[in-house]
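Observations on the three-dimensional arrangement
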Amino acid sequence: MKIVIAEKPSVGRELAKVFGATTKKDGYIEGKGYSFTWAFGHLLQLAPPQEYGFIGWRRQHLPMLPQKFKLGIRKIKTKDGMVEDPGVRKQLDIIKKLFDEATEIIVATDAGREGELIFRYIYYFLKCKKPFKRLWISSQTDEAIKEGFRNLKPGTDYDTLFNSAHCRSESDWLVGMNATQALSISAGARSVLSLGRVQTPTLAMICSRFLEIKHFVPQLYYQLAIQLDKDGQLFKAISVINFDKKEDAEALFEKIEDVASGFPNGAKVLTVEAKPRKEPPPLLHDLSSLQQEANKRKGFTADQTLNLLQGLYESKLVTYPRTGSRYIGDDVFAGVPVLIEKLKGHQDFGKQADFLLTVPLNKRSVNAKKVTDHHAILPTGESPYQLTGDKQAIYEMVIGRMLEAFHQECVKEITKIAIEAGSVFMANGTVIRSAGWRSVFNESDDEKKDEENPSLPKVKAGEELPIVNKALLEKQTKPKAMYNEASLLKALETSGKDIEDEELRYAMKDSGLGTPATRASIIETLINREYVVREKRNLVPTNKGLAVYDVVKDQKIAQAELTGQWEKRLEEIRSGASVTDFKAEIIEYTRSITNELLQAGAGLAEKFMKEEKVDK
DNA sequence: GCAAGGTC
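Nothing here was measured: the structure is a model prediction, and the numbers come from that model.

Cut-offs and rules
Residues numbered from 1 in each chain as written. Chains lettered and ligands numbered in written order. Predicted model: local features only at pLDDT ≥ 70, side-chain atom pairs only at ≥ 80, totals over all residues. Heavy atoms only, no water. Near = heavy atom within 4 Å. Polar contact = N/O pair within 3.5 Å; in protein donor to acceptor, adjacent residues only side chain to side chain. Helix = DSSP H or I, 4+ residues; strand = E, 2+ residues; numbered from the N terminus. Nonpolar A, V, L, I, M, F, W, Y, C, P; charged D, E, K, R; others polar. UniProt positions renumbered as here; feature names shortened; annotations may be inferred. Expected span 1.5 Å × (residues − 1). Buried < 20%, exposed > 50% of the residue type's maximum accessible area, 1.4 Å probe, protein only. Arc of directions from axis to C-beta. Axes fitted to C-alpha atoms, helices over the stretch in contact; angles between N-to-C directions. Parallel < 35°, antiparallel > 145°, perpendicular 65-115°, else oblique. Contact = heavy atoms within 4.5 Å. Domains from an automatic or database assignment. Pairing = 2+ DSSP bridges. 1 Å grid on protein atoms, 1.4 Å probe; cavity = no way out; pocket = protein on both sides within 12 Å on 5 of 7 lines; lining within 4 Å. Points joined across faces, edges and corners; volume = space filled by probe spheres on them. Left-handed = near helix turned anticlockwise from the far one by under 90°. Patch = residues over 30% accessible without salt bridge, like charges linked within 9 Å, V, L, I, M, F, W, Y side chains within 5 Å. Areas by Shrake-Rupley, 256 points an atom, 1.4 Å probe, with all protein chains shown as cover. Salt bridge = Lys/Arg side-chain N within 4 Å of Asp/Glu carboxyl O. Lys, Arg positive; Asp, Glu negative; His and termini not counted. Charge placed at Lys NZ, Arg CZ, Asp CG, Glu CD. Core = buried A, V, L, I, M, F, W, Y, C linked by side-chain atoms within 4.5 Å.

**Quick word on the protein's contact with DNA strand B**
Around DNA strand B lies a shell of 41 residues, among which His42, Pro49, Arg74, Tyr320 and Thr515 are the nearest. Sugar and phosphate atoms constitute 61% of the interface atoms of DNA strand B, taking the interface as everything within 4 Å of the protein. In the model, a base nitrogen of DNA strand B is placed 3.4 Å from a nitrogen or oxygen of the Pro49 main chain. At a separation of 3.0 Å, a base nitrogen of DNA strand B approaches a polar side-chain atom of Gln50. Ranked by residue count, the leading element in the surface near DNA strand B is helix α5 (residues 159–187), at eight residues. Of the residues contributing to the surface near DNA strand B, the split by class is 14 nonpolar, 15 polar and 12 charged.

**As for unusual backbone geometry**
The peptide bond linking Leu62 to Pro63 adopts the cis configuration, its omega dihedral lying at -10°. Phi at Lys316 takes a positive value of approximately 60°, unusual for a residue other than glycine. Among the structural elements, Lys316 can be located in the loop between α9 (302–314) and α10 (330–334). One non-glycine residue, Glu530, lies in the positive phi region at around 60°. Turning to its location among the elements, Glu530 is positioned in the loop between α16 (519–528) and β19 (532–535).

**Examining the UniProt feature "domain: Toprim" (unreviewed entry) in chain A**
Listed under "domain: Toprim" (unreviewed entry) in the UniProt record, and renumbered for this structure, are residues 1–141. Counted over residues 1–141, helix gives 28% and strand 28%. Its end C-alpha atoms are 24 Å apart.

**Considerations on helix α2 (residues 86–101)**
In this model, α2 (16 residues) spans 23 Å end to end at C-alpha, consistent with the 22 Å of a helix rising 1.5 Å per residue. Looking only at α2, the buried set comprises Val88, Gln91, Leu92, Ile94, Ile95, Leu98 and Phe99. The arc enclosing the buried residues of α2, seen along the axis, measures out at 160°, which places them on a common side. Exposed residues pointing more than 90 degrees away from the buried face of α2 are listed as Pro86 and Asp100.

**Considering the packing of α5 against helix α19 (residues 579–600)**
At their nearest, the axes of α5 and α19 sit 8 Å apart, and the two run at 10° to each other. As the angle between them shows, α5 and α19 are arranged roughly parallel. Along the contact surface, α5 presents Asn163, Cys167, Glu170, Ser171, Leu174, Val175, Asn178, Ala179, Ala182, Leu183 and Ser186, while α19 presents Val579, Phe582, Lys583, Ile586, Ile587, Tyr589, Thr590, Thr594, Leu597 and Leu598. The residue inventory of the contact of α5 with α19, partitioned by class, reads 13 nonpolar, six polar and two charged.

**Things to note about the domain arrangement of chain A**
Here the domain parsing of chain A yields domain 1 (2–151), domain 2 (165–215 + 481–615), domain 3 (220–280 + 410–476) and domain 4 (287–405). When each unit is reduced to the centre of its C-alpha atoms, the spacing between domain 2 and domain 3 is 46 Å.

**Let's talk about the environment of Cys167**
By the secondary structure assignment, Cys167 is in helix α5. Residue classification places Cys167 among the buried positions, given a relative accessible area of 2%. The sequence separation of Cys167 and Lys607 amounts to 440 residues, and the corresponding C-alpha distance is 36 Å. Among residues more than four places away in sequence, those in contact with Cys167 are Leu570, Ile573, Val579, Phe582 and Lys583.

**Notes on the sheet that holds strand β12 (residues 220–230)**
With antiparallel pairing, seven strands are arranged side by side in an open sheet as β17-β14-β15-β16-β13-β12-β18. Every interior strand has two partners, whereas the edge strands, β17 (464–465) and β18 (467–476), have only one.

**With respect to empty space enclosed by the protein**
Taken as a whole, this structure holds one cavity of 30 Å³ or more when the rule is applied. Its volume calculated, the largest cavity comes out at about 100 Å³. What lines the largest cavity is simply Val11, Leu15, Ala108, Thr109, Asp110, Ala111, Arg134, Leu135, Trp136, Ile137, Gln140 and Asp373.

**Overview of the packing of helix α8 (residues 287–298) against helix α14 (residues 485–494)**
It is the contact of α8 with α14, at a shortest axis distance of 8 Å, that shows an interaxial angle of 160°. The orientation of α8 relative to α14 falls into the category roughly antiparallel. Crossing of α8 over α14 shows left-handed handedness. From α8, Ser288, Gln291, Gln292, Asn295 and Lys296 reach across to α14, where they touch Glu485, Ala486, Leu489, Lys490 and Glu493. Its residues assigned to classes, the contact of α8 with α14 comprises two nonpolar, four polar and four charged.

**Some thoughts on the sheet that holds strand β3 (residues 28–31)**
The seven strands are arranged β2-β3-β4-β1-β9-β10-β11 in an open sheet whose pairing can be described as mixed. Single-partner strands in this sheet number two, and they are β2 (23–25) and β11 (153–154). Pairing of strand β1 (residues 2–6) with strand β4 (residues 34–38) involves five bridges; the strand directions are parallel. Note on β4: the bridge partner recorded for Ile3 is Ser35. The sheet strands contacting helix α1 (residues 9–19) are β1, β3, β4 and β9 (104–108), and the helix crosses β4 at an angle near 160°. In the packing of α2 onto the sheet, the strands contacted are β1, β3, β4 and β9, and the crossing angle to β4 comes to about 155°.

**Some remarks on a negative patch on the surface**
Where like charges cluster on the molecular surface, the negative patch consists of Asp244, Glu247, Asp248, Glu250 and Glu254. Within the element layout of this structure, Glu250 appears in helix α7 (residues 246–255).

**Notes on the nonpolar core**
Judged by nonpolar contacts, the single largest core of 128 residues is most densely connected at Phe99, Ile122 and Phe406. Those residues within four positions of Ile122 in sequence are excluded, and the remaining contacts are Ile5, Ala39, Leu43, Leu44, Leu92, Ile95 and Phe99. Leu224, Ile226, Leu228 and Val269 belong to the second largest nonpolar core, which has 22 residues in total.

Now the structure itself:
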């Protein structure tokens, strides 16, 4: 019997289907000489410190540097503390039984670093010695799957990939566990002060933005506004110059020749510019973009959206949710018209679905090269039945986005009129000529609203117009906005882009901080640690969070660059570089950050507890 | 009591 092991049940079932294996057993599917089984993501995790004899949190244990790491079955939290997940234990037993009977093992976990690690941890934990082959496919179509099976790779081809994954895993443990204990112990706090390669730079982003806003000094500035009349149609123009001094603005204000001062035609049109602007449809959703949209539209947290989407996935209504790709391949695209067809007669989207079936579909979201392990989120075509309100909302964002993505571009006409009236004024207007994809949700542009002049009258250069009103406007510069879940998710995705070092920036170009699957839980961790609270939709640091930030802000552990450095080295390991060197560096770094935190954290708890009292 | 990674 050949055993195929996938990363998750949905993939295992899909592979079985392609082979025509249909006998459903507990935890696997059998047929045609194969058994198809699966993990549920990581079944195993690195054992916690106490399993190496580091009982209790004690200064003398630090840094904790296990000679050899142990693996343990994934734990879940219950009222009696952390216990082995019984479902995971059961599935591992099933995998063990299948591996024992196997004549050949075929690894079909996701084609990437973590997929490799998921399998290898199982394999080594079960002390399996049988050789294995690797299925390596980047598309899940029947044809790609069949081709992949005709072209299985020797398992050892991926040893270096495993090495890089293994280093990632152990390094996160070493740095995270030691830094957390070091800070918590030295701070003298009763609570846990956790630190980690991803959570701490995330906290730093929230805190530094908060402090930037807190210390922001608004600057006053002045603008002039005039209202003009073209054959009864009124429109507004604003001075091009912002005046720092009120006197300067006032001087020019006095010179504006409006009708009330006895000038029938005080303004002269200098230039008129009208340009069409084409907006391509948005890309299909990946998890992060959907979490951002759900946060903006409905105020859902990243974690809520992930859970709702997982529910839709388990009811087979949407494709795999934890994807980082906003593209689909040509094979999936071929099925899109059928998906659109299903929306005919839909209460909100039916009309647009009808329209799309009559025109060529936009292919902006179709690019097989940009599909990684999983493609963008699409509906499956199954009919939903009695969804809860929140699930329904998410589902509609998925189908609505599908219609948008394959829709036509939106064409706007942007008009700029320059006017001379003692100073130069500008009137801006935007008119939608062809709504295209924007007709799906029929909402106005959320970014910049040209609310003053949706549509400007037709005027010509040289024309003179009456000024029916004038005003001196006092304005203030504004600070950046506080992070909310949407803007934080976006910032995590792109955090690599601000890195100055070109190599580190390159190393993070496809990753950012965290991964689509983990970002929601990072936000939840910061909230559970009481580093951050939600205030309305904003993520606001607490005194505790700010105190921790103050201790670590100049340390490497608070910089996104740390992930960039690791990614660069891990990629080198994947292509064959030494593992020993990297491990030695990580151990050295663990020693130094641990020592620094043991000193720098002293008295920290008192500090933020005192501040809390002052606040009250 | 603790990381980051994956998933039901």
